[in-house]
Amino acid sequence: SRSTGLKQARTGGPPCNSTCAGLHEGRQPSCASCMPPALSHEQALELLDDLLDEYIMPKFQKKLWAAFVEAGEDTALQEKAVAEVSAPIEGPIVAKFGFESAAKALVTLSAEDAADRHIARMYSQMVVLLNPLLQVSGERPPPLQVRAAPRAVRSASLGPPAASPSPPAASPAPSPEAPAPREARQVTSQRQRWIVVGGAAQGGIMVRAKESLTSALVAPRLAKGAVVEEVARIGERLQYRRVSGEGPETGWVSISASGKVLMEPFTLE
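Remember, predicted model here, so these are calculated numbers, not experimental data.

Conventions used here
Residues numbered from 1 in each chain as written. Predicted model: local features only at pLDDT ≥ 70, side-chain atom pairs only at ≥ 80, totals over all residues. Heavy atoms only, no water. Helix = DSSP H or I, 4+ residues; strand = E, 2+ residues; numbered from the N terminus. Buried < 20%, exposed > 50% of the residue type's maximum accessible area, 1.4 Å probe, protein only. Salt bridge = Lys/Arg side-chain N within 4 Å of Asp/Glu carboxyl O. Axes fitted to C-alpha atoms, helices over the stretch in contact; angles between N-to-C directions. Parallel < 35°, antiparallel > 145°, perpendicular 65-115°, else oblique. Left-handed = near helix turned anticlockwise from the far one by under 90°. Contact = heavy atoms within 4.5 Å. Nonpolar A, V, L, I, M, F, W, Y, C, P; charged D, E, K, R; others polar. Core = buried A, V, L, I, M, F, W, Y, C linked by side-chain atoms within 4.5 Å.

1. Topic: the environment of Glu46
Summarising the element assignment, Glu46 is placed in helix α2 (residues 41–55). Accessibility expressed as a relative area gives 42% for Glu46, which makes it partly exposed. Sequence separation between Glu46 and Phe97 is 51 residues, and the spatial gap between their C-alpha atoms is 9.8 Å.

Printed below as a string of structure tokens:
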């Protein structure tokens, strides 16, 4: 009809449906039911926090590493392995916000929200927890990219192509005559590793220069999701060396405080 033709001319295509078609006749380009949802600042923090709570679990990490190593050195297979392991956890969480995946949700953030230090830090932690290569190398992951194809965010989580690490339990000890590279030394280390599970509301847990609780504070805080290697332990105080995540390279932290668990053993065995 002539009316339908006018609607198509003004919108560049047919009306979306009988309910919202009338809104396209004026200057308004589209209606709420036609617009894709956008993640707010508060929703992004909640989404990332919920995902981090699941991804830091040793059970998930063990499953992720097994699938990643089985994928070999093929980047496409590595990416597929990560997606298959994380999908059962990610799906129900992102569905609460009206999205199919975390990638599709995060690209809807505004540039200002994506640059927010809390969102940027939590996104970085999530990327590391989903990438065994970054966990081993300690390299900083790429920043969150918004207003781009969702595929770009998912691809970024795996970083640049690199050789797949061997599972920690199966890696041979480095030869004294030919020291192993940094990646291999970290994977084969027999020292206990810990992961930060507390302090999310405060931006991480406090780090001090010495074992004493009255010693000088070291900034910034050790972020939730960070993985550290134990250097020494005195009661509930832990001296560490950071392996991945955000925070000081070394220092002393509390394993628990005021009845709250701040650090948990991190093992893939």
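2. A few points about the pattern of salt bridges
The final tally for this structure, using the stated rule, is 7 salt bridges. With a closest N to O distance of 2.2 Å, Asp53 and Lys224 form a salt bridge. Pair noted here: Asp53 is in helix α2 and Lys224 is in the loop between β3 (217–222) and β4 (227–234), with a separation of 171 residues, a long-range link. A relative accessible area of 32% means that Asp53 is categorised as partly exposed.

3. Things to note about the packing of helix α3 (residues 58–70) against helix α4 (residues 75–95)
Interaxial distance between α3 and α4 falls to 8 Å at its minimum, and their mutual angle equals 155 degrees. Looking at the two axes, α3 sits roughly antiparallel to α4. Where α3 crosses over α4, the handedness of that crossing is right-handed. Residues Phe60, Lys63, Leu64, Ala67 and Phe68 of α3 lie in contact with α4, whose contacting residues are Gln78, Ala81, Val82, Val85, Ser86 and Ile89. When its residues are assigned to classes, the contact of α3 with α4 shows 8 nonpolar, 2 polar and 1 charged.

4. Here we look at the nonpolar core
Most often, soluble globular proteins have nonpolar side chains that are buried together. Within the largest apolar cluster, 42 residues are counted, with the highest numbers of intra-cluster contacts made by Leu39, Leu47, Leu106, Leu109, Met126 and Leu144. Mapped onto this core, the elements with two or more residues apiece are α2, α3, α4, α5 (102–106), α7 (117–129) and α8 (132–137). A per-element tally of this core places α7 first, with 7 residues. Once residues lying within four places of it in the same chain are set aside, the contact partners of Met126 are Leu48, Leu51, Leu52, Tyr55 and Leu106.

5. Examining the packing of α2 against α7
Their axes nearest at 10 Å, the elements α2 and α7 cross at an angle of 30 degrees. Compared by their axis directions, α2 and α7 come out roughly parallel. Relative to α7, the crossing made by α2 is left-handed. Residues His41, Ala44, Leu45, Leu48, Asp49, Leu51, Leu52 and Tyr55 of α2 form the contact with α7, whose own contacting residues are His118, Ile119, Met122, Tyr123, Gln125, Met126 and Leu129. The residue inventory of the contact of α2 with α7, partitioned by class, reads 11 nonpolar, 3 polar and 1 charged.

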